[in-house]
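Working through the structure, step by step
In case you want the letters, here they are:
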Amino acid sequence: MSTYFEFTNPTKLCSGTGAADNIAYELKMLGARKPMVLSDGVLEKIGTLSIVLNALGDLPVGRVFTEIPRDSSIDTVNRIAEEYRDYGCDSLLAVGGGSVLDTAKGVRLLISQKADDLKTLMGCESIPRGAHIPFVAVPTTAGTGSEATAVAVIKDTKAHVKMEYISTELMPDVAVLDPRMTMTLPPRITASTGMDTLCHAIEAYSCIQKNPVSDAYALTAIGLVRENLIKAVRFGGSAKARLALANASFLAGASFSNSMVGIVHAIGHALGGVCGVPHGDAMNILLPAGMMFNRKVCADSYGKLLFYLAGEEVYEKTPSRKRADRAIAEVLRLRSRLHTLTGLPQTLKEAGVDPAAFPEVAKTALNDGASIVNPRQVTREAVIRILEVCYGD
Amino acid sequence: MKKELLSGVNQIVLEALFRGFRVLYREDSRVRKEIHQWRDGLTLKLVCGPGGAVLAMRKDPEKGIARIRRAQRADITMRFKSVEGAFRVLSGQIGVADAYAAHLFFLEGDIYQTMSFVRCVEYLEAYLFPPFMSKRILKEVPEKQVSSLLVYGKALLESGR
């Protein structure tokens, strides 16, 4: 662990039953008079967006934009920022999964910095405070934790690369976690996004930027995933399980926003950019192999994780020298149960990845910012080996 | 130590870094491969704290890298928050990855392209620092393709231009 650390989480959290009903109040308190609402077509169609729009009451909406693609892109962000200005909006309300929230973060950055092209704002912790644009985030999946992070992953569609933006200027003022927002998620997506949360927490707990505060968030998140993920997959209507996973996602997001993520995310981002593998699916496939790779230098950390992954009894019964391996086995066991319940792919082969893409994936993963904070040196050979193991032949 | 003195040391190490880069571009296939991936004319700057030492360079198709004016805006700038933080890295007390984790510097420009530069710095550190230091600051010490003595010798003879 570093001898110096920083921890930032200025986002106000509104979590629980009826949380979405307070959005109008929160926006008004932030000084918003004419918000732009960002969402996607599916949420509009199934009625999730209307729950939020109805909750806005007498607050006039400047523009509702629902054409955000599955992978947020720089072009989309630039276009929305233009519309924000054209429609005279003064604040942002994002309702959606990681793509919608990251798009909103990019738009907020562009507007607050008075810029026209997101590419001109690339960097890490280098953006000074700009104009305050009120920003409320309402996640509709429990996985990315984007509502709690200073990170946005936005695709450069020309270069086929997912660009990382890191700045506290990206962080929402308010995050709203309402179980109604995730209640309609199908079991497979619930499983995939839940494994994304788990991956955030495990990588946050083992990266070289970890610190005591991020550890506390990560460990709590892992416990919540263990207790609620299978429940939410099997009984999607359980508001209690849904809310617990939303809280876990927020906690894991706040954790990794401060300690960063490692090799699993570096390869996962690359698989998303090069092969189009959905992020949660990639995390689910790569996590055990990534842990096995890091085990050499993370045995102590993984050993401690067993308590949160399997519970007190298993932890106590497992000799300390075997706890790290048992922790990895617990992740494999959870993955296997989710595969049985939902068909979530466990191999890159099942996810439709062509091994011919491995060299390109490895090249992209090596250049991902997450590689630098991984506890073990990330090399091309290591990435290729992990990809081969995960292919599952 | 006084800030001026630390800045002076930083400037000397930056000079060694620049010359070392030039030498390794010729002598180490991995560094050559990394730099070949950069687009021609890509500009990079290392700024060692406010008012501190600066290394400003660009990719050069023949020499690997060449200097640019320090005042010129670069595509990628690694900017240390303090002279002292830069000194810790340049004197081999802490590695680049740990410095990133400890928020000693921030980055302006494309993170994706910066990772290649970071790998080059780590290769260079394996040559410039004695093994007991490189083992402490690098997660894994890369194998040397030529001897450190040769790199030092050639760096001394290398043009600083």
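Below: a short report on this structure. (Residues numbered from 1 in each chain as written. Chains lettered and ligands numbered in written order. Predicted model: local features only at pLDDT ≥ 70, side-chain atom pairs only at ≥ 80, totals over all residues. Heavy atoms only, no water.)

Here's the deal with the overall build of chain A
Rules: Secondary structure elements are taken from DSSP: a helix is a run of H or I of four residues or more, a strand is a run of E of two residues or more, and numbering for both begins at the N terminus. The reference for a compact globule is 2.2 Å times residues^0.38; the radius of gyration itself is calculated from the C-alpha atoms. Exposure is judged per residue with a 1.4 Å probe applied to protein chains only, and the accessible area is read against the type maximum: over 50% gives exposed, under 20% gives buried, and values in between give partly exposed. Throughout, a contact is declared for two residues whenever any of their heavy atoms are within 4.5 Å. Charge convention: Lys and Arg are scored as positive, Asp and Glu as negative, and His as well as the terminal groups of each chain are ignored. Just so you know, the charge point we use is NZ for Lys, CZ for Arg, CG for Asp and CD for Glu.
Broken down by element type, chain A carries 15 helices and nine strands. Relative to the globule expectation of 21 Å for 393 residues, the C-alpha radius of gyration of chain A, 20 Å, shows essentially globular dimensions. Taken over the C-alpha atoms alone, chain A extends approximately 60 × 45 × 40 Å along its principal axes. Looking at chain A as a whole, 64% of its 393 residues qualify as buried. In chain A, once contacts between residues fewer than 6 apart in sequence are set aside, the share between residues at least 24 apart is 80%. Taking the average location of the 41 positive side-chain charges in chain A and that of its 41 negative ones, the two points are 5 Å from each other.

Comments concerning the pairing of strand β4 (residues 76–80) of chain B
All names here are of chain B. Basically, it comes down to this: Paired strands, in this sense, are two strands between which DSSP finds at least two bridges.
In terms of burial, β4 is largely enclosed, as four of its five residues are buried. Sheet analysis places strand β1 (residues 43–48) next to β4, joined by five bridges and oriented parallel. The residue of β4 that forms the bridge with C48 is F80. In this structure, β4 lies alongside strand β5 (residues 105–108), joined through four bridges in antiparallel fashion. If you follow R79 over to β5, its bridge partner there is F106.

Some thoughts on the pairing of strand β2 (residues 35–38) of chain A
All names here are of chain A. Residues P35 and V37 point to one face of β2 and M36 and L38 to the other, with burial holding for every one of them. Of the strand pairs in this sheet, β2 and strand β4 (residues 91–96) are connected by four bridges, and their pairing is parallel. Residue pairing for β4: V37 is matched across the bridge by L93. With three bridges joining them, β2 and strand β3 (residues 63–65) adopt parallel strand pairing. In the sheet register, V37 faces β3, and the bridge partner there is V64.

What about the interface of chain B and chain A?
The condition is simple: Computed with a 1.4 Å rolling probe, the buried area is the accessible surface lost when two parts are put together, summed over both parts. Salt bridge, as applied in this entry: a Lys or Arg side-chain nitrogen positioned within 4 Å of an Asp or Glu carboxyl oxygen. Any pair of N or O atoms that falls within 3.5 Å is considered a polar contact. Within protein, one atom must be able to donate a hydrogen and the other to accept it, and sequence-neighbouring residues count only if both atoms are side-chain atoms. The residue classification treats Ala, Val, Leu, Ile, Met, Phe, Trp, Tyr, Cys and Pro as nonpolar and Asp, Glu, Lys and Arg as charged. All others, Gly included, are polar.
Counting from both sides, the interface comprises 23 residues of chain B and, opposite them, 29 residues of chain A. In total, about 2500 Å² of surface goes out of reach between chain B and chain A, with carbon and sulfur atoms giving 56% of it. Together, B:Y100, B:Y112 and B:K139 form the three largest contributors to the area buried by chain B at its contact with chain A, with a combined 29%. At the surface where chain B touches chain A, the tally comes to two salt bridges. Ionic pairing is found between A:E6 and B:K81, a salt bridge with its closest N-O pair at 3.4 Å. For the pair chain B and chain A, the number of links is 13 residue pairs in polar contact (both at pLDDT 80 or more). Mapped by element, the contributors of at least two residues to the side of chain B that touches chain A are α4 (96–101), β5 and α5 (111–128) of chain B. Considering each element in turn, the side of chain B that touches chain A owes the most residues, seven residues, to α5(B). Residue composition of the side of chain B that touches chain A, grouped by class: 10 nonpolar, four polar and nine charged. As paired strands, strand β5 (residues 123–124) of chain A and β5(B) are joined by two bridges and run antiparallel to one another. Residue A:G123 lies in a different strand from β5(B), and its bridge partner there is B:E108.

Details of the sheet that holds β4(A)
Backbone hydrogen bonds are what pair the strands of a sheet, in a parallel or an antiparallel way. All names here are of chain A. Our working rule: Only the contacting stretch of a helix is used when fitting its axis, a line to C-alpha atoms as for every element, and angles between N-to-C directions run 0 to 180 degrees.
Pairing in this open sheet of six strands is parallel, and the strands run β1-β9-β6-β4-β2-β3 from one edge to the other. Of all the strands in the sheet, just β1 (12–15) and β3 have a single pairing partner and so form its edges. On average, each strand axis in the sheet is tilted by 15° relative to the strand beside it, whichever way the strands run. Taken together, the two bridges between strand β6 (residues 135–139) and strand β9 (residues 174–177) define a ladder with parallel strand orientation. When the bridges of β9 are listed, A137 appears paired with A175. Each of β2, β3, β4 and β6 touches helix α3 (residues 48–55); the most contacted strand, β4, lies at about 150° to it. Strands β2, β4 and β6 of the sheet are contacted by helix α5 (residues 98–112), whose axis makes an angle of about 165° with β4.

With respect to the nonpolar core
It is characteristic of soluble globular proteins that their nonpolar side chains tend to be buried jointly. Note the following rule: Take the buried Ala, Val, Leu, Ile, Met, Phe, Trp, Tyr and Cys residues and link them wherever side-chain atoms come within 4.5 Å; each set so joined is a nonpolar core.
Core analysis: the biggest nonpolar cluster contains 68 residues, and A:L198, A:I202, A:I267, A:L271, A:L338 and A:L348 have the highest contact counts within it. Residue assignment for this core shows that the elements contributing at least two residues are α6 (187–206), α7 (212–234), α8 (239–259), α9 (263–275), α10 (279–310), α12 (323–342), α13 (358–366) and α15 (380–391) of chain A. With 14 residues, the single largest contributor to this core is α10(A). If you look at the next biggest cluster of nonpolar residues, it comprises 61 residues, including B:L14, B:A86, B:M115 and B:V118.

Section: the pattern of salt bridges
Should the charged atoms of two oppositely charged side chains come close, the side chains can pair. Taken as a whole and assessed by the stated rule, the structure comprises 33 salt bridges over all chains. For the salt bridge of B:R26 with B:E158, the shortest nitrogen-to-oxygen distance reads 2.9 Å. Of the two residues, B:R26 is situated in helix α1 (residues 3–27) and B:E158 in the segment after α7 (148–157); the sequence distance between them amounts to 132 residues. Residue B:E158 is classed as buried on the basis of its relative accessible area, which comes to 11%. Members of the salt-bridge network, linked through shared partners, are A:R63, A:E67, A:R79 and A:E83.

As for the packing of α1(B) against helix α2 (residues 29–37) of chain B
All names here are of chain B. The test is simple: Between 65 and 115 degrees an angle is taken as roughly perpendicular, under 35 as roughly parallel, over 145 as roughly antiparallel, and anywhere else as oblique.
Between α1 and α2, whose axes approach to 6 Å, the crossing angle comes to 105°. As the angle between them shows, α1 and α2 are arranged roughly perpendicular. Judged by residue contacts, F21, L24, Y25, R26 and E27 of α1 engage S29, V31, R32, I35 and H36 from α2. Class assignment of the residues belonging to the contact of α1 with α2 gives a composition of five nonpolar, two polar and three charged.

Looking at the packing of α6(A) against α10(A)
Residues and elements named next belong to chain A. Here is the rule: The sense of a crossing depends on the near helix, which, turned anticlockwise from the far helix by less than a right angle, makes the crossing left-handed and, turned clockwise, makes it right-handed.
Interhelical geometry of α6 versus α10 gives an angle of 35° and a closest axis separation of 8 Å. Our pair here, α6 against α10, has a crossing hand that is left-handed. Residues belonging to the contact of α6 with α10 are distributed by class as follows: 12 nonpolar, seven polar and four charged.

Quick notes on the packing of aromatic side chains
The following threshold applies: Side-chain rings of Phe, Tyr and Trp (the six-membered ring for Trp) are treated as a pair once their centres are within 6.5 Å; stacked means planes under 30 degrees apart, edge-to-face means over 60, and tilted covers the remaining angles. We call a charge positioned above a ring when the Lys NZ or Arg CZ atom is no farther than 6 Å from the ring centre and deviates by at most 35 degrees from the ring normal.
Tallied over the entire structure, the rule returns eight aromatic pairs over all chains. With centroids separated by 5.2 Å and ring planes inclined at 45°, the aromatic side chains of A:F7 and A:Y217 adopt a geometry described as tilted. In this pair, A:F7 sits in the segment before β1 while A:Y217 sits in helix α7, placing the two residues 210 residues apart along the sequence. Between A:F358 and A:Y391, the ring centres sit 6.1 Å apart and the planes meet at 80°, which makes this aromatic pair edge-to-face. Taken together, the residues A:F358 in helix α13 and A:Y391 in helix α15 connect sequence positions 33 residues apart. When its relative accessible area of 15% is taken as the criterion, A:Y391 is described as buried. Here a set of aromatic residues connected by ring pairs shows up, and it is made of A:F307, A:Y308 and A:Y315. The ring of A:Y205 has A:K210 sitting right over it, with the charged end atom 4.2 Å from the ring centre. Across the ring face of B:F18, the terminal group of B:R67 is positioned such that the distance to the ring centre comes to 4.2 Å.

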